[in-house]
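Coordinate analysis (summary)
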Amino acid sequence: MNETGKAAADAVSEIQIDLMNPDSVSKFAEDAIAYVSVHGLRILVAILVLLVGRLVSRQISNVVKRVMAKAKVDDILTSFIATIVYYALLSAFVVAALGQAGINVTSFLAVLGAAGLAIGLALKDTLANFAAGVMLILFRMFKKGDYVTIAGTSGTVQELSAFYTELSTPDNQRVVVPNSSILGSVIVNTSAHETRRLDLIIGIGYEDDIEKAKSIIKSILDAEDRLLKSPEPLIAVGNLGDSSVDIFVRPWVGKADYWATKFALLEKIKISLDEAGISIPYPQSDVHLHKVE
């Protein structure tokens, strides 16, 4: 400990001893005034360093945020990096302020390290979430606004923080998923690409005309403006089921039009096949009864 630190420790010790005596209030005030008069300037400078450090840290963090926003970096990554920069700079200024106040920084950091180890063991699950959050943010497996399936839950990403990911489900529920459970499971990002393929299975009866059914389906696809012309839609017999001949219909569409187009096509195909007299059979079984004499 340096000389200033020793002097501060001795002064505090003397104050504690005097405070045990009810008649030493005036002596306590005199000692306090003497301590402030001797070390007050260093304390004021330390406070000034801390205040300036906080201001400088915030300004630099905002500059980093603006630069990354101008470079069109993802909002989640921008926010995370700016936060890390702020707290890293603030920590450096805190250490500088403590040194200016006469506190032995080396001893302080040693105590802080021991405390950090104990806290880390107690909060290992939280730290695991933090580590997973850093990996998710750095590798950018998904971003805000993507529709994903993570840890068995599907929804639109509203926020990806260092510890958890917040989803909004299609029925407007808020789901908070710990990051460690995300990194340890399969991640399905439905919004990763601009286009998606519709996978429709249309079953017709075995006695119905397959070519006629395919022709009707093709005319419906050609009339749908939201479908993409390339890749060309697939219309083919994909399976001979127990009760139906299954026609696989696989057109491509922009991801924003996926659900609306799917619902519209299913309705139009059903109505058109009914009008053409082509049945869409449901599963059925034939039961044979044998009379026992």
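See the structure above.
Throughout what follows, the structure given in this document is the object of discussion. (Residues numbered from 1 in each chain as written. Predicted model: local features only at pLDDT ≥ 70, side-chain atom pairs only at ≥ 80, totals over all residues. Heavy atoms only, no water.)

1. Points about helix α7 (residues 210-223)
Note: α-helices contain 3.6 residues per turn, so residues at a spacing of three or four share the same orientation. For α7, built from 14 residues, the straight-helix expectation of 20 Å at 1.5 Å per residue is met to within 8% by its first-to-last C-alpha distance of 20 Å. Those residues of α7 that sit buried are A213, I216, I217, I220 and L221. Looking straight down α7, one finds its buried side chains confined to an arc of 135°; they lie on one side. Every exposed residue of α7 that faces more than 90 degrees away from the buried side is listed here: E211 and A223. Those residues of α7 hidden inside the fold are in contact with β7 (200-204), β8 (234-240), β9 (245-250) and α8 (258-275). Of the residues that open α7, the one with a side-chain oxygen 3.1 Å from the backbone nitrogen of E211 is D209. (Helix = DSSP H or I, 4+ residues; strand = E, 2+ residues; numbered from the N terminus. Expected span 1.5 Å × (residues − 1). Buried < 20%, exposed > 50% of the residue type's maximum accessible area, 1.4 Å probe, protein only. Arc of directions from axis to C-beta. Contact = heavy atoms within 4.5 Å. Polar contact = N/O pair within 3.5 Å; in protein donor to acceptor, adjacent residues only side chain to side chain.)

2. Quick notes on the sheet that holds β7
Reading across from one edge, β7-β9-β8 is the order of the three strands in this open sheet, with antiparallel pairing throughout. Of all strands in the sheet, those with a lone pairing partner are β7 and β8, marking the two edges. Going across the sheet, the axis of each strand differs from the next one's by a mean of 30°, ignoring polarity. With five bridges joining them, β7 and β9 adopt antiparallel strand pairing. (Pairing = 2+ DSSP bridges. Axes fitted to C-alpha atoms, helices over the stretch in contact; angles between N-to-C directions.)

3. Considerations on the packing of α7 against α8
The description of two packed helices rests on the angle between their axes and on the distance between the axes. For the pair α7 and α8, the least separation of the axes is 10 Å and the interaxial angle reads 140°. The orientation of α7 relative to α8 falls into the category oblique. In the packing of α7 onto α8, the handedness of the crossing is right-handed. Two secondary-structure elements touch here, α7 through A213, I216, I217, I220 and L221 and α8 through L265, K268, I269, S272 and L273. For the contact of α7 with α8, a count of residues per class yields eight nonpolar, one polar and one charged. (Parallel < 35°, antiparallel > 145°, perpendicular 65-115°, else oblique. Left-handed = near helix turned anticlockwise from the far one by under 90°. Nonpolar A, V, L, I, M, F, W, Y, C, P; charged D, E, K, R; others polar.)

4. A few points about the pairing of strand β3 (residues 164-168)
In terms of residue burial, β3 counts as a mostly covered element, since four of its five residues are buried. Remark: three residues form the turn of the hairpin made by strand β2 (residues 153-160) and β3, two consecutive strands paired antiparallel. By the bridge criterion, five bridges tie β3 to strand β4 (residues 174-178) in an arrangement that is antiparallel. Looking across to β4, one finds that L167 is bridged to V175.

5. A word on the environment of A96
The topology assignment puts A96 in helix α3 (residues 75-100). When the C-alpha positions of A96 and L50 are compared, they lie 8.2 Å apart, and in sequence the two are 46 residues distant.

6. Quick look at the sheet that holds strand β1 (residues 147-150)
Two strands in a sheet stick together by hydrogen bonds in their backbones, pointing the same way (parallel) or opposite ways (antiparallel). Taken together, the five strands give an open sheet; going across it, the order is β4-β3-β2-β1-β5, and neighbouring strands pair in antiparallel fashion. Each end of this open sheet is capped by a strand with a single partner; those strands are β4 and β5 (187-189). On average, adjacent strands in this sheet sit at an angle of 40° to one another, irrespective of strand direction. Where β1 lies against β5, three bridges are found, and the strand directions are antiparallel. What sits directly across from V148, in β5, is N189.

7. Side note on the pattern of salt bridges
As enumerated under the stated definition, the model contains ten salt bridges in all. Between R250 and D199 there is a salt bridge, with its nearest N and O atoms 3.7 Å apart. Here R250, found in strand β9, pairs with D199, found in the loop between β6 (195-197) and β7; they are 51 residues apart in sequence, far enough to count as distant. Owing to a relative accessible area of 25%, R250 belongs among the partly exposed residues under this scheme. Close ionic contact of E224 with R226 constitutes a salt bridge, the shortest N to O distance being 2.9 Å. Residue R226 is classed as partly exposed on the basis of its relative accessible area of 31%. Taken together, the shared-partner salt bridges connect R197, D199 and R250 into one network. (Salt bridge = Lys/Arg side-chain N within 4 Å of Asp/Glu carboxyl O.)

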